[in-house]
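Here's the letter readout for the chains.
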Number of protein chains: 2
Amino acid sequence: MTRFARRMAHMQATAEVVRYLFESMTDPQTISFGGGAPAREALPVEQVHEIASEVLTRDRRGMQALQYGNPAGLPDLRQAVIERLLAPKGLHASQENVLIVGGGIESLNLVCQLYLDPGDVILVESPTFVHAVQAFQLLEARCIACQTDEHGLVLEDVEARIRQYSPKMIYVIPTFQNPSGRTMSLERRRALAELGSRYDLMILEDDPYCELRYSGEALPPIKFFDQTGHTLYVNSFSKIFSPGARLGYIFTEENIQRKLYEVKTATNSHTNLVTQILCAEFFNRGLFEPHLQRVCEIHRERRDVLMDCLQSMLPAQTRYVHPDGGLFTWVELPGQVDTTAMLVEAVAQKVAYVPGREFFVEGQPSRNNCMRLSYGNVTPEKIRVGMQRLAGVIDSWL
Amino acid sequence: MTRFARRMAHMQATAEVVRYLFESMTDPQTISFGGGAPAREALPVEQVHEIASEVLTRDRRGMQALQYGNPAGLPDLRQAVIERLLAPKGLHASQENVLIVGGGIESLNLVCQLYLDPGDVILVESPTFVHAVQAFQLLEARCIACQTDEHGLVLEDVEARIRQYSPKMIYVIPTFQNPSGRTMSLERRRALAELGSRYDLMILEDDPYCELRYSGEALPPIKFFDQTGHTLYVNSFSKIFSPGARLGYIFTEENIQRKLYEVKTATNSHTNLVTQILCAEFFNRGLFEPHLQRVCEIHRERRDVLMDCLQSMLPAQTRYVHPDGGLFTWVELPGQVDTTAMLVEAVAQKVAYVPGREFFVEGQPSRNNCMRLSYGNVTPEKIRVGMQRLAGVIDSWL
C-alpha cells in the first residue's frame, strides 16, 4: 500500500480516544460531560429559520449565498465582527484585518500553516485543548507544555522554555480555558503580549468562550496589549451562534492577513456563504445580544448546579475550578485514581467525561487523577443525575 | 517580523494573477470568461429556499443543522452520494467509503495531507487546474507536468515520468478537463488505473464536471477500473448544486477513509451541517435530476453559442476544443501572440479570460499563445458581445 505522509504518524493516539468518546456520547442513556458543545436549548433555531426563510430567496443575497465568494469572507459578516465582537473588546479593526474561516480548528490550521514548519516548537498551556494539539501535530509541530496556575500560564516558566526551545509560537486560551475553565489575569495578558514582541514569536490567542461570561468582570484580550503585531487573535462562532454552521474569524495585521488569504484559498477556496449570510443577518437584525444573554442564563444555571454537585457529592479532598464562564470545569480527584482507567466503569454506569491525561503533552507531567467536565449541553436535571452516577463510580475507586 | 513557514515561498506567483483576475471580474461592465463559476441562472435558489423554510425548524433536523456533527459527514448526504452520484457511474460504496468535505479544493488538500511530504512529486496534466497546483504547492509538493493530447494524458509520457521522478501521486481531471475541456478516453482511463496499481502510486481523480454532459456518451471514471485501491475519487457539489455551499466528497477504500477522517478532524472538525442538510434534502426530494437537466440545457446553449463565435469571429488558424460538457474551452491562437500580455488590453476593452501560461508547470513547455475561456456564467447574449470584443483585441495583436 502506498505510504502515508510522515505527518500521519503524529496523529495516532489522540484520534483513538476522541473516537471512543464520540461513540460513548451517542448512547442516549449516557449522560455525557465529555463533549464541548453548547446547550442545544440555546441554539438560535427559530432565528435562523426566520432569516433563512426571508433571505435565501431569489434576491441578491439568495443568489450570492449559492455562488462562489471571496476567500476573505462576506463583507457584511466581517463588518459585524469588527463592530459587534472586536470593538467591545477594545480591538480596532478594518475589513483588511479580518478573515472569515470555517470554525475554530480551521483558524488554528490556517495560522499554523502560515508559520510552522515540521519540527517547529509551539508552546502550549498544561493542560491544553486536545483538538488544538491534533491540529498542531498534523503540521508536524512539536508541542511543549508550560506550567499554569489559577491565573493561567506561569510566565517565568514560559520564558525559560522560550530560551530552551526557541519556539515559533505560543498557543493560549486566556479566557475560561479549555479544559481548565480558568482565566488568565490582566497582568499576565499584558506580559505575555510583551514576551511575543521581545522574543519575536507569535502569540496565538484563541478566545472562543470569552462571550460566555456568567460572573466577574470582562478582561481585555492579550491582543489588546500587542504593540508589534505579534499576537494573532482567533475566535469561533460555535459558542455564540452555532457549531454546525462552522464559522470563525481571524483578526490580525493586514500583511499577515494577506498571507492567510493565500493559505485559505489553497486550503478550501472560501468559507461557505450560506451560513455566513445567515450569521451576518443574525447580527444585523440585532438578534445577537438578546440571544447571548439567553445563552449565558442557560449556561450560568448549569454551571451553578454543577458547582453545587461538586461541592456536595464528591469527596471532600476533591479540588475543582469555579469557572466564571465558558463550558468547562477541571476536577482533581484525591489520591491515585486513574481517570482513564475509571472511564470504562463510568461509561458502564452511563456517565462520561474526558480523562485529564488527554490534555497533557511533552514538557509537563501528565496528571492522571484529573478530568474535564463539560456542562454546556447537559440539562440541570441531568447534571444532578450524572454527577450522582459519577460520584458513585469515584467512591468505588477511592 | 516572525518568519513565515517555508511552504509560503511556493505560493507567491499564482496568487498574484488570481487576485488580478478576481478584481477584473468585479467590474460589472467587463464580460469575463475568466472564472470557473456555473450559470447563476442555474443555481437552485427557489429549491434551497423552500427546503430551508421547511427543514430548518425546531424539529430534529433544524437542531441538528446548528449543533456539532460527524467529521465523516451527514449520513443522509453520504447516502445520496452513494445512490445518486456513485452508483450511476458503476461505483459501489457504503457509508464507510464516503467522506463529505468542504468543496473540491478541500478534497485535494485532505488527500494530499494524507500522502504528500514536502518535496514529493505529483504528476499533473499539461495544462492543469491552477487552483489544484496551489493546493499542492501549499503542501510543498513538486508538480511535474505530463503531455496530453485530445484524448487526455499521454500514458507513455506518464510512465516515463514515473520512472524518472518516482511520484507519490498523479492528479487528473478526466472529464471535460479544466482548463482544456477535453475528456480522457475509455482505454486510457483503464490503463491509468493499472499504472497506479503497477507502480504503487495514487491516482487522484477529480471529476467535478462529469455530470455536466451536453453531447456524447458518458464514460466510467478511472476509479471504476481500480482493482487495488490506488485510485481516490473526489468530487464537488459546486457545479451540480451550489459553489457557495462548499460541499464535496471523497470516495475511497475504508482504511484510507479512516485516515482521511483524522485529517479532516484536525483540519477543520467537520463540514458545515446547514448546507449538508439542505443538499441531502435536495436529493431526497427528487430535485436533483430535473435540476441537473436544466443546468445542462442552460450550459449547452452557452457552449454552442461560444463554439459559433469561435468559428465565425476568430482568425481561421485558431485552434480550439469542442467540449462535450463542463464549463471550459481551450483556445490556441495563431502565431506568437502572448495572451498574458494581451490580457491588459482585453481588460481595457472590458473582456477577460485566463492566460494559458497560468496552467503550465515544470516538466512541459508553457504555451503562451493559449487561453482558457469559461462560458458557464456568461449569458448567450454576453458571450456574443464578449467574443466580439475579444476578437477585436486579438486582431489588433496579430
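About the criteria used
Residues numbered from 1 in each chain as written. Chains lettered and ligands numbered in written order. Predicted model: local features only at pLDDT ≥ 70, side-chain atom pairs only at ≥ 80, totals over all residues. Heavy atoms only, no water. Axes fitted to C-alpha atoms, helices over the stretch in contact; angles between N-to-C directions. Helix = DSSP H or I, 4+ residues; strand = E, 2+ residues; numbered from the N terminus. Parallel < 35°, antiparallel > 145°, perpendicular 65-115°, else oblique. Left-handed = near helix turned anticlockwise from the far one by under 90°. Contact = heavy atoms within 4.5 Å. Nonpolar A, V, L, I, M, F, W, Y, C, P; charged D, E, K, R; others polar. Buried area = accessible area lost by both parts, 1.4 Å probe. Salt bridge = Lys/Arg side-chain N within 4 Å of Asp/Glu carboxyl O. Least-squares fit on C-alpha atoms with pLDDT ≥ 70 in both. Core = buried A, V, L, I, M, F, W, Y, C linked by side-chain atoms within 4.5 Å. Buried < 20%, exposed > 50% of the residue type's maximum accessible area, 1.4 Å probe, protein only. Pairing = 2+ DSSP bridges. Domains from an automatic or database assignment.

Novice: Any details on the packing of helix 10 (residues 273-284) of chain A against helix 10 (residues 273-284) of chain B? Residues and values, ideally.
Specialist: As a packed pair, helix 10 of chain A and helix 10 of chain B sit with axes 8 Å apart at the nearest point and diverge in direction by 120°. On the basis of the axis angle, helix 10 of chain A is oblique to helix 10 of chain B. Considering the relative orientation of helix 10 of chain A and helix 10 of chain B, their crossing is right-handed. Every residue of helix 10 of chain B that contacts helix 10 of chain A at Val-274, Thr-275 and Leu-278 of chain A is listed here: Val-274, Thr-275 and Leu-278 of chain B. For the contact of helix 10 of chain A with helix 10 of chain B, the class distribution of residues is four nonpolar, two polar and no charged.

Novice: Tell me about the packing of helix 11 (residues 288-313) of chain B against helix 13 (residues 380-397) of chain B, and name the residues and values.
Specialist: Residues and elements named next belong to chain B. Between helix 11 and helix 13, the shortest axis-to-axis distance is 9 Å and the interhelical angle comes to 25°. As the angle between them shows, helix 11 and helix 13 are arranged roughly parallel. Relative to helix 13, the crossing made by helix 11 is right-handed. When helix 11 is examined against helix 13, the residues Glu-301, Arg-302, Val-305, Leu-306, Cys-309, Leu-310 and Met-313 are found in contact with a partner set consisting of Pro-380, Ile-383, Arg-384, Met-387, Gln-388 and Ala-391. Here the contact of helix 11 with helix 13 is built from residues that sort into nine nonpolar, one polar and three charged.

Novice: Give me the interface of chain A and chain B: which residues, what numbers.
Specialist: Taken together, the contacts link 86 residues of chain A with 86 residues of chain B. Between chain A and chain B, the buried area comes to about 7400 Å², and carbon and sulfur atoms account for 57% of it. It is Thr-2, Leu-66 and Tyr-68 of chain A that lose the most area in chain A upon contact with chain B, and together they represent 10% of the buried surface on that side. One can count six salt bridges joining chain A with chain B. In this structure, Asp-117 of chain B and Arg-6 of chain A form a salt bridge, with 3.9 Å as the shortest nitrogen-oxygen distance.

Novice: Describe the relation of the copies chain A and chain B, with residues and values.
Specialist: For the pair of chain copies, the relating operation is a rotation around an axis with a shift along it. For the pair chain A and chain B, the best superposition has an RMSD of 0.0 Å and corresponds to a rotation of 180° with a translation of 0.0 Å parallel to the axis. The symmetry that links the two subunits is that of a two-fold axis. In terms of proximity to the rotation axis, the leading residue of chain A is Ser-53 of chain A, whose C-alpha is 2.5 Å off the axis. Both copies share a contact surface, since 100% of the interface residues of chain A are interface residues in chain B too.

Novice: Which residues make up the nonpolar core, and what values go with them?
Specialist: Counting residues in each nonpolar core, the largest one holds 237 residues, and the members touching the most others are Phe-136 and Phe-237 of chain A together with Phe-136 and Phe-237 of chain B. Beyond its immediate stretch of four places on either side in the chain, Phe-136 of chain A contacts Leu-108, Cys-112, Ile-122, Val-124, Ala-141, Cys-143, Tyr-171 and Leu-204 of chain A. Core analysis: the next-biggest nonpolar cluster, separate from the first, contains 19 residues, Leu-153, Leu-192, Ala-193 and Ile-222 of chain A among them.

Novice: How would you explain the sheet that holds strand 9 (residues 231-236) of chain A if you had to name every residue and give the values?
Specialist: Residue and element names in this part refer to chain A. Strand order in this open sheet of seven strands is 2-10-9-8-7-3-4, and the pairing throughout is mixed. Each edge of the open sheet carries a strand with a single partner, namely strand 2 (98-101) and strand 4 (142-146). Taking the axes of each pair of neighbouring strands and ignoring which way they run, one obtains an average angle of 20° across the sheet. Relative to strand 9, strand 8 (residues 202-206) is paired through four bridges, and the arrangement is parallel. In the sheet register, Glu-205 faces strand 9, and the bridge partner there is Tyr-233. Set on the sheet, helix 5 (residues 104-115) makes contact with strand 2, strand 7 (169-172), strand 8, strand 9 and strand 10 (248-251); between it and strand 9 the angle comes to about 155°.

Novice: How would you explain the domain arrangement of chain A if you had to name every residue and give the values?
Specialist: All names here are of chain A. Assigned domains of chain A: these are domain 1 (6-43 + 290-397) and domain 2 (45-286). Measuring from the centre of the C-alpha atoms in domain 1 to the corresponding centre in domain 2 gives 24 Å. On the domain 2 side, the residues contacting the 37 residues of domain 1 number 42 residues. Surface buried jointly by domain 1 and domain 2 totals about 3500 Å² across both partners, of which 60% is contributed by carbon and sulfur atoms. A salt bridge links Glu-362 to Arg-142, with the nearest nitrogen and oxygen atoms 2.5 Å apart. Every element with two or more residues in the side of domain 1 that touches domain 2 is listed here: helix 1 (12-25), helix 11 (288-313) and strand 12 (328-332). Among the residues forming the side of domain 1 that touches domain 2, the class breakdown is 19 nonpolar, ten polar and eight charged.

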